[in-house]
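Structure assessment
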Amino acid sequence: MTDAVILVILVIALIFGVKGTVKHFKGEGACCGGGSGTAKAKRKSLKNPKLGEKTIQIEGMHCDHCRQSVMSELNKIDGVAARVDLKKNRAVVSYDRPVKEEELRRAVERAGFKVSSIA
């Protein structure tokens with residue numbers, strides 16, 4: 001009887017573990033220290049006409065907190081407005097003045113992630 005109780009407890013723990021893992025990899029979990037009450041990064045609009053757009057492929061984002069961190073760091077750059085797509089692991093950056101790719105790369109790295117390409 002004791003073995004059956006232990007087995008039931010292990011099965012329940014396994015179910016919760018698998019559910020949490022699936023949620024994490026779908027980007028719905030509160031990993032990376034984000035918690036459930038993560039402050040949303042403000043959407044930023046360009047003040048001048050858009051000169052162009054760059055797409056940054058990013059490695060290591062897992063959740064909404066990751067997405068918010070990257071968007072916040074990119075939006076700190078003058079003349080840049082970023083949208084980050086967690087499912088595609090990329091940021092689309094619009095700019096109204098010349099911006100160096102190295103500046104964009106450093107912003108993503110400050111957020112704790114790796115840039116695989118900028119196009």
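Scroll up a little and you will see the structure.
Structural notes, computed from the coordinates. (Residues numbered from 1 in each chain as written. Predicted model: local features only at pLDDT ≥ 70, side-chain atom pairs only at ≥ 80, totals over all residues. Heavy atoms only, no water.)

Our focus in this paragraph is the pairing of strand E2 (residues 80-85). One ladder, built from six bridges, connects E2 with strand E3 (residues 90-95); its direction is antiparallel. From the neighbouring strand, Ala82 faces E3, where its bridge partner is Val93. The antiparallel pairing of E2 with E3 creates a hairpin that spans four residues between the two strands, and Asn89 there sits at a positive phi of about 55°. (Pairing = 2+ DSSP bridges. Helix = DSSP H or I, 4+ residues; strand = E, 2+ residues; numbered from the N terminus.)

Attention now moves to the nonpolar core. One finds Ile56, Ile58, Met61, Val70, Leu74, Leu104 and Val108 to be the most contacted residues of the largest nonpolar core, which totals 23 residues. Elements with a minimum of two residues in this core: strand E1 (52-59), helix H2 (64-75), E2, E3, helix H3 (101-110) and strand E4 (114-118). Examining the composition of this core, we find that four residues originate from one element, H2, more than from any other. In this structure Val108 touches Ile56, Ile58, Val70, Leu74, Phe113 and Val115, once residues within four positions along its chain are discounted. (Core = buried A, V, L, I, M, F, W, Y, C linked by side-chain atoms within 4.5 Å. Buried < 20%, exposed > 50% of the residue type's maximum accessible area, 1.4 Å probe, protein only. Contact = heavy atoms within 4.5 Å.)

As a further point, take the packing of H2 against H3. The N-to-C vectors of H2 and H3 enclose an angle of 140°; their axes lie 8 Å apart at closest approach. It follows that H2 is oblique to H3 by the angle criterion. Helix-helix and strand crossings are classified by hand; for H2 and H3 the assignment is right-handed. Within the contact between the two elements, H2 uses Val70, Glu73 and Leu74 and H3 uses Leu104, Ala107, Val108 and Arg110. Its residues placed into classes, the contact of H2 with H3 shows five nonpolar, no polar and two charged. (Axes fitted to C-alpha atoms, helices over the stretch in contact; angles between N-to-C directions. Parallel < 35°, antiparallel > 145°, perpendicular 65-115°, else oblique. Left-handed = near helix turned anticlockwise from the far one by under 90°. Nonpolar A, V, L, I, M, F, W, Y, C, P; charged D, E, K, R; others polar.)

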